[in-house]
Amino acid sequence: MNKYKICLKAYLNLTQKYYYFFDGFIKMNKLKKIDVLNENGISFSSYKYSRGIDIASNNNHLLLLKYFKISRINDNYVEYAEKILTDIYFSIYYKRDYLYDSHMNTINKLINDNNYLKPIFVVFKVLLVMNSDKAYDTICELIDEDMKYLSFIPINYFYNELKYYYELILLYVKKINNITFDFTAEAKNHNILWMYYHIKGTFYYTNNDYAKSLVYFQHLCEIYKKDYNLIRSIICKNNILQIYNLLGLYDFTIDEAIPIIDYLIYQTDKKQFTKYSIRHLFAAYVCSEKYNDLIIYYNKFINDNSLIAGTASICLLIAYKKCNYKKEYIEANLKDIICANEKNKLAYNKLFNNYTITKSEYEKYFSKVIYSFLYDQFLLY
């Protein structure tokens, strides 16, 4: 994967791609192609012929660039753009989110260069946003204008892997159901496969088809493992742990979560990932009614209560309740967890003080928690 490079040489050497770009540009600007061609002394048959072959013998593409006031590109620019796009790709793949703003500024500058590589730059801008930590709906809003722009660009403008990146974007926004990628012939082409598996796994997850989602995420983990892609591997593993719980495979969650947490718990820069793994582990303990195992694990291995948040906090309180611990012990030893937020206070009062949670409190604090099925039985209003 480290040898992978975005290649744009075809856009410099093959005149054909210019004409697909012009098709999109003309349509986007609501121009009449015949009028444009007549004004430039280009016959329709010549235009069509030039679009159908790799390299045309005429310079019609240069006439049209000048007519549309589109900047020309050269070898130096192509090399510069290749380096930028390759850097962005690896930042996306290895989840270097701290470079997001810098990359976004750079890609916007490339877009503003106003040359015929613009659709490629827009594709990479969309990929950058797609792979951020923003919510799906937010991402769709942010890329809406870019998707409108790309909707005018013919698929044949995109060459080789760039075509697949464009199709992956269409798959992500649910404009198509699959991509034209040859999975048999190009099974080792990880730079396409990982994003495909990620999108498909997420799609099936959001549609509650957890078994299919699990298959894609498991394939995805294998790719990350081969590339030593630690951050994405941890994220993927957490997705799998979550799916195990949703499928009722609690022992699988316990077996796989513990070694992940054992590693993460000492990585201070990965605290958020540790919280996710602990949440899934504690949920599995509660769902499989291994309450004492949860308490033993918590007391033996968790040395930082800031890692116990959200659902994990509720699970911990449930475990202590089920093991018949007195409220005096809870208040003395888990005070910081109980007082961390209003949700935890309500859960504690429900479990240990027989407080009846109101409908509005339930909807505000508990109804949208991902593991709400864990503690509905404890927190019903």
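Residues numbered from 1 in each chain as written. Predicted model: local features only at pLDDT ≥ 70, side-chain atom pairs only at ≥ 80, totals over all residues. Heavy atoms only, no water.

A. Local environment of the overall build of the protein. Counting its secondary structure elements, the protein contains 23 helices and zero strands. A compact globule built from 381 residues should have a C-alpha radius of gyration of about 21 Å, whereas the protein, at 27 Å, is more than 25% larger. Viewed in the frame of its principal axes, the protein has a C-alpha envelope of about 90 × 40 × 35 Å. Contacts spanning at least 24 positions in sequence make up 66% of the contacts within the protein whose residues lie at least 6 apart. As displayed, the protein has an accessible area near 19,100 Å², and 49% of this comes from carbon and sulfur atoms. (Helix = DSSP H or I, 4+ residues; strand = E, 2+ residues; numbered from the N terminus. Rg over C-alpha atoms; globule rule 2.2 N^0.38 Å. Contact = heavy atoms within 4.5 Å. Areas by Shrake-Rupley, 256 points an atom, 1.4 Å probe, with all protein chains shown as cover.)

B. Fine view of unusual backbone geometry. Positive phi, normally seen in glycine, also occurs at Lys 30, with a value near 55°. The topology assignment puts Lys 30 in the loop between α2 (16-28) and α3 (33-39). Given the relative accessible area of 77%, Lys 30 is considered exposed. (Buried < 20%, exposed > 50% of the residue type's maximum accessible area, 1.4 Å probe, protein only.)

C. Representation of the packing of helix α16 (residues 271-287) against helix α17 (residues 291-301). It is at 7 Å that the axes of α16 and α17 come closest, and there the two elements cross at 150°. Between α16 and α17, the angle falls in the class roughly antiparallel. Touching Leu 281, Phe 282, Tyr 285 and Val 286 of α16 are Tyr 291, Asp 293, Leu 294, Tyr 297 and Tyr 298, all from α17. Residues that form the contact of α16 with α17 fall into these classes: eight nonpolar, no polar and one charged. (Axes fitted to C-alpha atoms, helices over the stretch in contact; angles between N-to-C directions. Parallel < 35°, antiparallel > 145°, perpendicular 65-115°, else oblique. Nonpolar A, V, L, I, M, F, W, Y, C, P; charged D, E, K, R; others polar.)

D. Summary view of helix α18 (residues 311-322). With twelve residues, α18 should reach 16 Å at 1.5 Å per residue; the first-to-last C-alpha distance of 16 Å fits that figure. Taken across its twelve residues, α18 has ten buried, putting it largely inside the fold. Among the residues of α18, those classed as buried are Thr 311, Ala 312, Ser 313, Ile 314, Cys 315, Leu 316, Leu 317, Ile 318, Ala 319 and Tyr 320. Phi turns positive one or two residues past the end of α18, at Asn 324, with a value near 65°. (Expected span 1.5 Å × (residues − 1).)

E. Local environment of the pattern of salt bridges. In the structure shown here, the tally under the stated rule is 14 salt bridges. Two residues, Glu 256 and Lys 237, come together in a salt bridge whose shortest N-O distance is 3.9 Å. Pair noted here: Glu 256 is in helix α15 (residues 250-264) and Lys 237 is in helix α14 (residues 230-246), with a separation of 19 residues, a long-range link. Of the residues examined, Lys 237 reaches a relative accessible area of 30% and is grouped as partly exposed. (Salt bridge = Lys/Arg side-chain N within 4 Å of Asp/Glu carboxyl O.)

F. Summary view of the nonpolar core. With 133 residues, the main nonpolar core has Phe 124, Tyr 165 and Phe 282 as its most contacted residues. Those residues in contact with Phe 124 that sit more than four places away from it in its chain are Ile 6, Leu 85, Ile 88, Tyr 89, Ile 107, Leu 162 and Tyr 165. (Core = buried A, V, L, I, M, F, W, Y, C linked by side-chain atoms within 4.5 Å.)

G. Local environment of the side chain of Ser 233. Examined against the element boundaries, Ser 233 turns out to sit in helix α14. You can call Ser 233 buried: its relative accessible area is 17%. When residues no more than four places from it in sequence are discounted, the contact partners of Ser 233 are Cys 221 and Tyr 224.

H. Broad picture of the environment of Ile 26. Tracing the backbone through its elements, the reader meets Ile 26 in helix α2. In contact with Ile 26, not counting residues within four places along its chain, are Leu 31, Lys 32, Lys 33 and Phe 68.

I. Examining the packing of aromatic side chains more closely. Applying the stated criterion to the full structure yields 40 aromatic pairs. Arranged with centres 6.5 Å apart and planes meeting at 40°, the rings of Tyr 18 and Phe 22 form a pair that is tilted. A residue pair is termed a helical-turn pair when its members lie 3 or 4 positions apart in one helix, as Tyr 18 and Phe 22 do in helix α2 at four residues. Both residues of the pair, Tyr 18 and Phe 22, belong to the buried class. Their ring planes at 65° and their centres at 5.8 Å tell us that Phe 124 and Tyr 165 sit as a pair that is edge-to-face. Within this pair, whereas Phe 124 is found in helix α8 (residues 118-130), its partner Tyr 165 is found in helix α11 (residues 161-172), the two being separated by 41 residues in sequence. Given a relative accessible area of 0%, Tyr 165 falls into the buried group. Its guanidinium or amino end placed over the ring of Phe 352, Lys 321 lies 5.5 Å from that ring's centre, counting from NZ or CZ. (Phe/Tyr/Trp six-rings, centres within 6.5 Å; stacked < 30°, edge-to-face > 60°. Lys NZ or Arg CZ within 6 Å of the ring centre and 35° of its normal.)

J. Region of the structure containing the packing of α18 against helix α21 (residues 342-353). The contact between α18 and α21 brings their axes to 10 Å, and the two run at 15°. As judged from the angle between their axes, α18 and α21 are roughly parallel. Judged by the sense of rotation from one axis to the other, the crossing of α18 with α21 is right-handed. Residues Ser 313, Ile 314, Leu 317, Ile 318, Tyr 320 and Lys 321 of α18 form the contact with α21, whose own contacting residues are Lys 343, Asn 344, Ala 347, Tyr 348, Leu 351 and Phe 352. (Left-handed = near helix turned anticlockwise from the far one by under 90°.)

K. Just the state of the cysteines, in detail. Evaluation of the coordinates by the stated rule reveals zero disulfides. Here Cys 236 stays free of any disulfide, with the sulfur of Cys 221 as its closest cysteine sulfur at 3.2 Å. Among the residues examined, Cys 236 registers a relative accessible area of 2% and is labelled buried. (Disulfide = S-S within 2.5 Å.)

L. The environment of Leu 241, seen in detail. Turning to its location among the elements, Leu 241 is positioned in helix α14. Since its relative accessible area comes to 0%, Leu 241 is described here as buried. Sequence spacing of Leu 241 and Lys 66 is 175 residues, and the spatial spacing of their C-alpha atoms is 56 Å.

Honestly, it's all geometry; don't read function into it.
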